[in-house]
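Summary of structural features
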Amino acid sequence: MSAVLLATLLIASVTARRNAGASIARGLATTTERVQDLMGTRERELRGKLAIFVEPGERRGLMQRDSAGGEDFLDQVQEAATSTGADWVQATNGEGILLARSDVVSAGPVDLSGSALVSGALLGHPTSGFGVAADTALFQAVAVPLLRALSDSTTAFGAMMGVRYLDTSFVAELGAATGSEIALFILPIDSTQPPRIIAASAALRDRPALARVVADWRRARAMLPLEMGDGAQVVLSPEERSARPPDPAHLAIDGTDYVGQGRYFLSASGQEVGGFVALRSLDAELALFRRFRNIMLAAGLGGLLLVFALSGWLAGRIARPVQVLVAATRRASEGDYAAELPASRGDEIGQLADAVRRLLADLLEKQQLVDYLGGGSGGRSLRFDGVGATMPMAMAGAALEVGSLLGDRYRITQVLGAGGMGMVYKALDQALGEPVAVKTLRPDFLQTDPTAVDRFKSEIRLARKISHRNVVRTHDLGEAEGMLFITMELVEGRTLKDLIHSRGRLPAQAVLPIAKQLCRALEVAHEAGVIHRDIKPQNLVVEPDGVLKVMDFGIARLTSGTSGMTQAGMVVGTPEYMAPEQLLGDDVDPRVDIYAAGAVLYECLTGRVPFPAESAITLIAKVLEEVPPSPAELVPGVPRALASLVLRCLAKDRDDRPRSAGELHDLLERAGEGAVAGGELPANGRLDPAGALG
């Protein structure tokens, strides 16, 4: 845990420094924007007030007369300074000669025509820029023309310039607005002299260090001019406008780590006269992280002690349920499925316990089925009569002799049964050395049914699409001496029909595992796009270990429709187990197999089909019109939840049946759980082989 804590702090430190750098960069960019906005606002405000002061009127006439007659202009500029809020105002005549300056009583006639500010205003438009006074003060200035109207134009008879200093109060205003430390500098006329810091935030006491930083940035060309916007008369070069602002630089001043940037202030002629430096403290940005780091270190030490205290409790809380589950699986391997499991909860242990609980329930059901199959009459047998409606051997046509070789590969060892389409044999696959079942097609069947060959080929094509432990696996299709045959998995067991005949009816505990396995087989077939269409007890084989096998896909078809073998309106299947829509020759979907499964379960629980009838017409009428009695009414021991589910499967309207085999499986599980909870089924008792539990 300590290693994780140290690694976390290291990663957090790197992340904090990266985030602090990004935050500082954003703060410096915001400071630069704020300076630009503030400079622009001050310039527009001063320009606007000067323009109002010199608007046409009585004052304009007075100024024009004084300018032309050489009268004292001092009163005018002093009034202008008061009106505009400028630190001082000066005025010139049309030749750029200074007439008066508000803060100098006896300003002499000085030629200012060489100043870009004055010359620009004398050309008839306002100008602005920055300047240096007495090499010690930095100011922002705006000059406006004094215009007189002629008959067809206007001309400037002089210029008035207002000045506002950039000083300590300006620095304090910027610092409060941006959260940055600010310093102002001027650049001496002598470029060999270092920049001079004229104002700085209180935290920046080491002004020589600041001056060295500005000098280093200037030599490295690490500063750009401050772009003033539309109010400025300075036009930056394309190179300056396209230049990327320099990255913030790291520096140490007064023992504090800073990150800073600087910008130049330009005169009206575009000369660099001074500028500002914006700094943000890296230490201040990291202060929160450092407090967090110290808290984490303290909490980590305390956490280690707490972890040691809780680890034993947590280990026990996790280990004990796992030990119970391990013990339950060991007992299950010995045939005991009634272990007490941990209560369900929302974590992974709870999910594992639920999975083991379901597994034990399935094993218990299957064991009960195996016990039932092994008791009573009939015992274990090796049969394969789930190949369609059985028929007498004499009707099956010519049979292959035991010992004969079919297709130079399959040695016939035993006759297993006869079906409506041909014979079924046990054979030895001499190529693989494994026993298989061989199903042949009667030659005379080909003559009476033109679609028989196609249906026979369809059986293997469809059956090979399905691979599941509850479906008889089909191997191959062959032809020998004009005889078609398929080879398939050899199943040891009894058909469900034979089991019902020998036992009369099956107890619910035996029916539930059979029903769930049937659902799994149908679910896989339907997902492959195959509808069986002939689910019946004769096609369901129960092996001695309780595994159910679904057989005979000979009349199955893809859910996408027929392929020409089943004509429109042709009824295929066994009527006792056929859904109404199948009897009527309508289009079918997987819910016909749900209906047939319900009919099979009905027969298992009651020992009779849902609609006993003496003739096919009577049977069809009953299927279409009547509702069979509930299995719970015929056999009182049948759980009512299970009986209701069977009747739902037998609904006339397919929309009233379970929507899929998977849904039917889940409903069977809930019906079985509800029956146990209601006391209708023994939770862990053994089945009476004679079916006394019903």
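Because the structure is a prediction, the values reported are computed rather than measured.

Reading guide: rules and limits
- Residues numbered from 1 in each chain as written.
- Predicted model: local features only at pLDDT ≥ 70, side-chain atom pairs only at ≥ 80, totals over all residues.
- Heavy atoms only, no water.
- Helix = DSSP H or I, 4+ residues; strand = E, 2+ residues; numbered from the N terminus.
- Buried < 20%, exposed > 50% of the residue type's maximum accessible area, 1.4 Å probe, protein only.
- Contact = heavy atoms within 4.5 Å.
- Phe/Tyr/Trp six-rings, centres within 6.5 Å; stacked < 30°, edge-to-face > 60°.
- Axes fitted to C-alpha atoms, helices over the stretch in contact; angles between N-to-C directions.
- Parallel < 35°, antiparallel > 145°, perpendicular 65-115°, else oblique.
- Left-handed = near helix turned anticlockwise from the far one by under 90°.
- Pairing = 2+ DSSP bridges.
- Core = buried A, V, L, I, M, F, W, Y, C linked by side-chain atoms within 4.5 Å.
- Salt bridge = Lys/Arg side-chain N within 4 Å of Asp/Glu carboxyl O.
- Arc of directions from axis to C-beta.

What follows deals with the overall build of the chain. What the chain contains, in helices and strands, is 19 helices and 22 strands. Taken across its 694 residues, the chain has 48% of its residues classed as buried. Once local pairs closer than 6 in sequence are excluded, the contacts in the chain between residues at least 24 apart make up 62%.

Under the counting rule described, the total for this entry stands at five aromatic pairs. Note on Phe130 and Phe265: the rings are 4.3 Å apart at their centroids and 15° apart in plane angle, and the pair reads as stacked. Separated by 135 residues along the polypeptide, Phe130 in strand E3 (residues 127-133) and Phe265 in strand E10 (residues 256-266) bring together distant segments of the chain. Taken as a pair, Phe130 and Phe265 share a single burial class, namely buried. Note on Phe139 and Tyr165: the rings are 6.5 Å apart at their centroids and 85° apart in plane angle, and the pair reads as edge-to-face. Of this pair, Phe139 sits in strand E4 (residues 137-149) while Tyr165 sits in strand E5 (residues 154-166), placing them 26 residues apart in sequence. The exposure class assigned to Phe139 is buried, which follows from its relative accessible area of 10%. Of the residues examined, Tyr165 reaches a relative accessible area of 25% and is grouped as partly exposed.

The next point concerns the packing of helix H12 (residues 496-503) against helix H15 (residues 591-606). The geometry of H12 relative to H15 is characterised by a closest axis approach of 9 Å and an angle of 25° between their N-to-C directions. What the angle tells us is that H12 and H15 run roughly parallel. Taken as a pair, H12 and H15 cross one another with a handedness that is left-handed. Along the contact surface, H12 presents Leu496, Lys497 and Ile500, while H15 presents Val600, Glu603 and Cys604.

On to the pairing of strand E15 (residues 434-440), then. In terms of burial, E15 is a largely internal element, five of the seven residues being buried. Sheet analysis places strand E14 (residues 423-429) next to E15, joined by six bridges and oriented antiparallel. By the bridge assignment for E15, Tyr425 is matched with Val438. Where E14 folds back onto E15 in an antiparallel hairpin, the turn is made up of four residues, including Gly433, whose phi is positive at roughly 70°.

It is worth spelling out the nonpolar core at this point. With 62 residues, the main nonpolar core has Leu496, Leu506, Leu518, Phe553 and Leu668 as its most contacted residues. Beyond its immediate stretch of four places on either side in the chain, Leu496 contacts Leu506, Ile514, Pro537, Leu540, Val542, Val600 and Cys604. With 26 residues, the next largest nonpolar core counts Ala20, Val35, Phe130 and Ala199 among its residues.

Under the definition given, this model contains 18 salt bridges. Residues Arg409 and Asp429 are paired through a salt bridge, measuring 2.7 Å at the closest nitrogen-oxygen approach. Here the residue Arg409 occupies a position in the loop between strand E12 (405-406) and strand E13 (410-418), and Asp429 occupies one in strand E14, the gap between them amounting to 20 residues. We note a salt bridge from Asp589 to Arg591, for which the minimum N-O separation is 2.7 Å. Assessed through its relative accessible area of 18%, Arg591 is described here as buried.

A word on the side chain of Thr474. Its location among the elements puts Thr474 in strand E16 (residues 474-480). Given a relative accessible area of 12%, Thr474 falls into the buried group. Beyond its immediate sequence surroundings of up to four residues, Thr474 is in contact with Ile460, Ala463, Arg464, Thr487 and Met488.

For the rest of this paragraph, the subject is the side chain of Gln90. Residue position: Gln90 is located in strand E1 (residues 88-93). The class of Gln90 is buried, set by a relative accessible area of 8%.

Listed in full, the buried residues belonging to helix H5 (residues 168-178) are Phe170, Val171, Leu174, Gly175 and Thr178. Viewed end-on, H5 has its buried residues packed into an arc of 135°, placing them on one side of the element. Exposed residues lying more than 90 degrees from the buried face of H5 are Ser169 and Ala176. One or two residues past the end of H5 sits Gly179, with phi positive at roughly 75°.

This part covers the sheet that holds strand E20 (residues 540-542). In spatial order, the strands read E18-E20-E21; together these three strands make up an open sheet with antiparallel pairing. Of all strands in the sheet, those with a lone pairing partner are strand E18 (494-495) and strand E21 (548-550), marking the two edges. The sheet contacts of helix H13 (residues 508-527) involve E20 and E21, and relative to E21 the element is tilted by about 40°.

Located in the positive-phi region is Asp254, a residue other than glycine, with phi close to 55°. Overall, Asp254 belongs to the partly exposed group, its relative accessible area being 31%. Of note, the phi angle at Asp408 is positive, near 55°, even though the residue is not glycine. Along the chain, the position of Asp408 falls in the loop between E12 and E13. Note on Asp408: relative accessible area 71%, which makes it exposed.

Read these as spatial facts, not as claims about activity.
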